[in-house]
Amino acid sequence: MNAPLQSVDSRRAGALLEVRNLQKFYGAARTWFSRRQYPVQAVDDVSFDVARGETLSLVGESGCGKTTTAKSVLRLIEPTAGSVRLDGEEVTGLGREEMRQRRRDLQIIFQDPYASLNPRMTAGDIVAEPMRNFSLDGLTSEKARSERVKWLFSKVGLRAEAMKKYPYEFSGGQRQRLGIARALALSPKLIVCDEPVSALDVSVQAQVINLLMDLQAEFGVAYLFVAHDLAVVRHISHRVAVMYLGKIVEIADRDTLFSSPRHPYTEILLSAVPAPTPGKRAERRVMSGDPPSPANPPTGCRFHPRCPLAAPVCRQVSPSLTPRSDAVGAKTAHFVACHVR
Ligand code: SF4
């Protein structure tokens, strides 16, 4: 089992989002060499917190469970086990209507802005729809909603005239701005950003990331940010959690993680990131082998078949996510799941 509940709790008292021992297993997958069927352990025993107004990024290779974790928090995917508390209230046990009401505080920005927008609705209607669904105080009339949509458009850098346009009339970056306006419509406390810029041109990515940061500074919204682009993660995050094969292997504040990674997997992952200072780039290290199947993960530390530091204990005992006290200058606790580091 990963971090004991109390150790994660105590380090971020008063957190907005508290995720404890989250697990998502999918059915069973037959392996090539065996008739036995194993459940796919997409997310296994994941615990973390997100503070108000904070950005916590989940990073890792494809298939590491970062998107499944984020969608389980929103219950777009039903978790197999574990606890998700928002503002102190458990959300995993809520019924359909209670959960619908709770979604006012929990919104999402999707990776593909085009696929996430109804092509038959105008941009203004897309942003107004959540307000209609929740009949917010002061927003019960069409006129009031239209005024708020206009205001939201200005906040995300869209012109008021665009309210009458349809999604196909927007560029990719504008469509993502529309998705952000829709996510903000109900003044949520937390937004899950699921690879929000990976489908955009590089030239537009920085604009959208800076917009998200400006909106966070203005409205105090927290982000659970899922991404594989570590340069983007470095720019937007306050803290970063690194996932490998369904588990968190390291969590630290952004500067500590990028300057002093402890987990061997994090070190290899970060060696591919361009250094901000020319000529200071660390030697690029290549990961050996392919990630094991989440339907039949290795015993002990899940990273041991690919780890250059693996010791005999690593094959037997799964390392817990525990705090490291030697992180000089770290702004928040640095947690690592490794027997050696
Ligand atoms: Fe490598 Fe062992 Fe640490 Fe796992 S516990 S990352 S195998 S050294």
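Residues numbered from 1 in each chain as written. Predicted model: local features only at pLDDT ≥ 70, side-chain atom pairs only at ≥ 80, totals over all residues. Heavy atoms only, no water.

Draft legend 1. Just the environment of T322, in detail. Here T322 lies in strand β11 (residues 322–324). In this structure T322 comes out as partly exposed when scored by relative accessible area, which is 31%. With 73 residues separating them along the chain, T322 and V249 place their C-alpha atoms 9.7 Å apart. Setting aside residues up to four positions removed in sequence, T322 forms contacts with H334, F335 and V336. A polar contact of 2.6 Å, which involves the side chain of T322, links it to the side chain of R324. (Helix = DSSP H or I, 4+ residues; strand = E, 2+ residues; numbered from the N terminus. Buried < 20%, exposed > 50% of the residue type's maximum accessible area, 1.4 Å probe, protein only. Contact = heavy atoms within 4.5 Å. Polar contact = N/O pair within 3.5 Å; in protein donor to acceptor, adjacent residues only side chain to side chain.)

Draft legend 2. Focus on the environment of A333. Along the chain, A333 falls in the loop between β11 and β12 (334–336). Accessibility expressed as a relative area gives 32% for A333, which makes it partly exposed. Sequence separation of A333 and T256 is 77 residues, and the distance between their C-alpha atoms is 9.7 Å.

Draft legend 3. Broad picture of the pattern of salt bridges. What the rule picks out here adds up to 19 salt bridges. Between D49 and R20 there is a salt bridge whose closest N-O contact spans 2.8 Å. Of this pair, D49 sits in strand β2 (residues 37–50) while R20 sits in strand β1 (residues 17–30), placing them 29 residues apart in sequence. Of the two residues, D49 and R20, neither departs from the other in class, the shared state being buried. Of the charged contacts in the structure, one is a salt bridge between D87 and R52, with a shortest N-O distance of 2.6 Å. Of this pair, D87 sits in the loop between β4 (81–86) and β5 (89–90) while R52 sits in the loop between β2 and β3 (55–59), placing them 35 residues apart in sequence. One connected set of salt bridges, linked through shared partners, spans R52, D87, E89, R102, D105 and K189. (Salt bridge = Lys/Arg side-chain N within 4 Å of Asp/Glu carboxyl O.)

Draft legend 4. Up close: the site of the ligand. Around the ligand sit 13 residues in total, of which C301, C307, C314, C338 and H339 are the nearest. Considering only residue class, the shell around the ligand consists of 10 nonpolar, three polar and no charged. (Near = heavy atom within 4 Å. Nonpolar A, V, L, I, M, F, W, Y, C, P; charged D, E, K, R; others polar.)

Draft legend 5. Up close: the sheet that holds strand β6 (residues 106–109). An order of β6-β7-β8-β3-β9-β10-β12-β11 is seen for the eight strands of this open sheet, with the pairing classed as mixed. Of all strands in the sheet, those bounded by a partner on one side alone are β6 and β11. Ignoring which end each strand starts from, the neighbouring axes of this sheet average 25° apart. Bridge analysis of β3 against strand β9 (residues 239–244) gives four bridges, and the strand direction is parallel. Bridged to L58 within β9 is A241. Lying on the sheet, helix α2 (residues 66–74) is in contact with β3, β6, β7 (190–194), β8 (222–226) and β9; it crosses β8 at an angle near 145°. Sheet contacts for helix α7 (residues 202–219): β3, β6 and β8; angle to β8, the most-contacted strand, approximately 155°. (Pairing = 2+ DSSP bridges. Axes fitted to C-alpha atoms, helices over the stretch in contact; angles between N-to-C directions.)

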